[in-house]
Amino acid sequence: MAESIPGPGFAGSEAPAESPGYQPLSLLAIIGCALAALYGTVVLVGFAASILFGSPWLMPLWTLVFPLVAMGLALVARSQIRRSEGTLAGTALANWAISLSVLFGLIFLSHTGATYLVLRGQAESFTRQWFDRLREGDLDGAFRLTLRPENRPAEGPGLHSELENRFNTLSEVSRRGLYGAFEQRPEVRLLLLAGSQAEVKLLGIKNWDYVEGGYKVSQTYQVTTPDATFDLQVVVHGIKGTQREFQGRQWYLTPEVQITQLNFTSRGANLSALQKSAQEFVGQWQADLRAGRAAAPAADLVQLNEQRFWPPEPSKRSLALTEVRNLCQQPELLANFLEVDQSLRVLMHRRDGDRLRFLQDVQFTLAQKHVVDGFLLVECDAKAVETGPPVAWRLAGIELTRIRDLPSGRGLD
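Residues numbered from 1 in each chain as written. Predicted model: local features only at pLDDT ≥ 70, side-chain atom pairs only at ≥ 80, totals over all residues. Heavy atoms only, no water.

**So, the nonpolar core**
Here is step 1 of the chain: Ranked by internal contacts, the top residues of the largest apolar core, which has 39 residues, are Trp285, Leu334, Leu356, Phe358, Phe364, Val372 and Leu400.
Here is step 2 of the chain: If you tally residues by element for this core, the top one is helix H8 (residues 266-290), at six residues.
Here is step 3 of the chain: With near-sequence residues (within four places) excluded, Leu400 lies in contact with Val302, Gln303, Leu304, Asn305, Phe309, Ala320, Leu321, Val324, Phe364, Val372, Asp373 and Gly374.
Here is step 4 of the chain: Formed by 37 residues, the second largest nonpolar core is a distinct cluster that contains Ala123, Leu147, Val188 and Val217. (Core = buried A, V, L, I, M, F, W, Y, C linked by side-chain atoms within 4.5 Å. Buried < 20%, exposed > 50% of the residue type's maximum accessible area, 1.4 Å probe, protein only. Helix = DSSP H or I, 4+ residues; strand = E, 2+ residues; numbered from the N terminus. Contact = heavy atoms within 4.5 Å.)

And the structure:
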């Protein structure tokens, strides 16, 4: 009996399995993996650069869109590959895209979140120091915190004199130095008037970024006083010394401070109306003085603010007091050399027995050589706090707070 000889291509009686054909890579898997790898590279290069150059690497929160899109593409790619019945490849690429997106997305979120929490804590702590200074009536200490750390004088008995000398001199174009402008700011005066009764609450961080060599943090606070409730936008800047002028990160308050959402209480509304009425009274009195129809305050009603007057030298104190009293004895000269600042949103006020006094900011020019700052005291019955205007106003006096030399001995326009 003849033996059967197997034909070519057969091993025994079973046919071999067919080898799979060419499987193209999923385009979505390729794009997703490339996008995730690119995002990861940017993050790593950014961190390396921050270490090398000593500046932080911060990306906007919206950049999380890139790893999210990469992961979304990878998930869709894996689903397509499973349904392709072996005609598509790229599962490994899709898995890599998902892993890289999650890894670098979490790294970004962790770094950003940790930085945010640290900055929020430091910025709030510093800003509350500023609020506390004003609530305590420490105008010098509050202004000091608005100065850049390298320009900030040390605290101590000589602080006020140094602030006046360095930050309150007159220029060719301005009658107010930085310090004088600060003490007239509405938020500063509202906090000084409220004192310890002011309550401050952080509402949130509006924005934060790394600019000009440091972190700038914009915060929103709600301030509640017996007279008003208002939101206050406060921007602080935290910087590090470039030449070891100071240690660590130091903060200062920028000029970008703004009151929003100002709502008066019933008492505050009455005081606001009284202030407006007092300013109108002063404006009319000044106009009548220039027209020769009003009298000047009596010379003995001109006094120095003994606690705040600067400079303390007896000769300067005597000069200011004597010259302003002389002006009051010559109404026609007083009308020419008295300047009333009617632009202020908030006037200081105080109660003296049964009288309520508003302090209208004024300046006197002396012989084209000096400028004297002070207040025109305007008073009415203190019961007006409960009733509001109309009231009968009277000039109660003039309170002088400082004298400064005009630059080059010339007057200001």
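The rest of the description comes next.
**As for H8**
In an α-helix, one turn spans 3.6 residues; hence positions three or four apart end up facing the same way.
Here is step 1 of the chain: For H8, with 25 residues, the first-to-last C-alpha span of 37 Å sits near the 36 Å given by 1.5 Å per residue.
Here is step 2 of the chain: At the C-terminal side of H8, Gly292 shows a positive phi close to 80°. (Expected span 1.5 Å × (residues − 1).)

**Thoughts on the environment of Leu304**
Here is step 1 of the chain: Take Leu304: it is sitting in strand E6 (residues 302-304).
Here is step 2 of the chain: Distance from Leu304 to Trp208, taken between C-alpha atoms, is 45 Å for residues 96 residues apart in sequence.
Here is step 3 of the chain: Those residues in contact with Leu304 that lie beyond four places of it in its chain are Phe309, Arg317, Leu321 and Leu400.

**So, the confidence of the model for the protein chain**
Here is step 1 of the chain: On average, residues of the protein chain score 88 in pLDDT, and 91% of them are at 70 or above.
Here is step 2 of the chain: Throughout residues 1-17 the model reports pLDDT below 50, and contacts reaching past four residues in sequence, or to other chains, amount to one contact.
Here is step 3 of the chain: Contacts from residues 409-413, a stretch scored under 50 in pLDDT, to residues over four places away or in other chains number 11 contacts. (pLDDT = per-residue confidence, 0-100.)

**Comments concerning the pairing of strand E2 (residues 214-224)**
A regular strand places its side chains on the two faces of the sheet in alternate fashion.
Here is step 1 of the chain: Of all 11 residues making up E2, eight are buried, and the element is well covered by its neighbours.
Here is step 2 of the chain: Alignment of strand E1 (residues 199-211) against E2, held across 11 bridges, turns out to be antiparallel. What sits directly across from Ile205, in E2, is Gln219.
Here is step 3 of the chain: Counting the residues between successive antiparallel strands, the hairpin from E1 to E2 contains two residues, one of them, Glu212, with a positive phi of roughly 50°.
Here is step 4 of the chain: Sheet topology note: the E2/strand E3 (residues 228-240) ladder contains 11 bridges and is antiparallel. Residue pairing in the sheet places Tyr221 in a bridge with Leu232 of E3.
Here is step 5 of the chain: Hairpin connection of E2 to E3: three residues between the antiparallel strands. (Pairing = 2+ DSSP bridges.)

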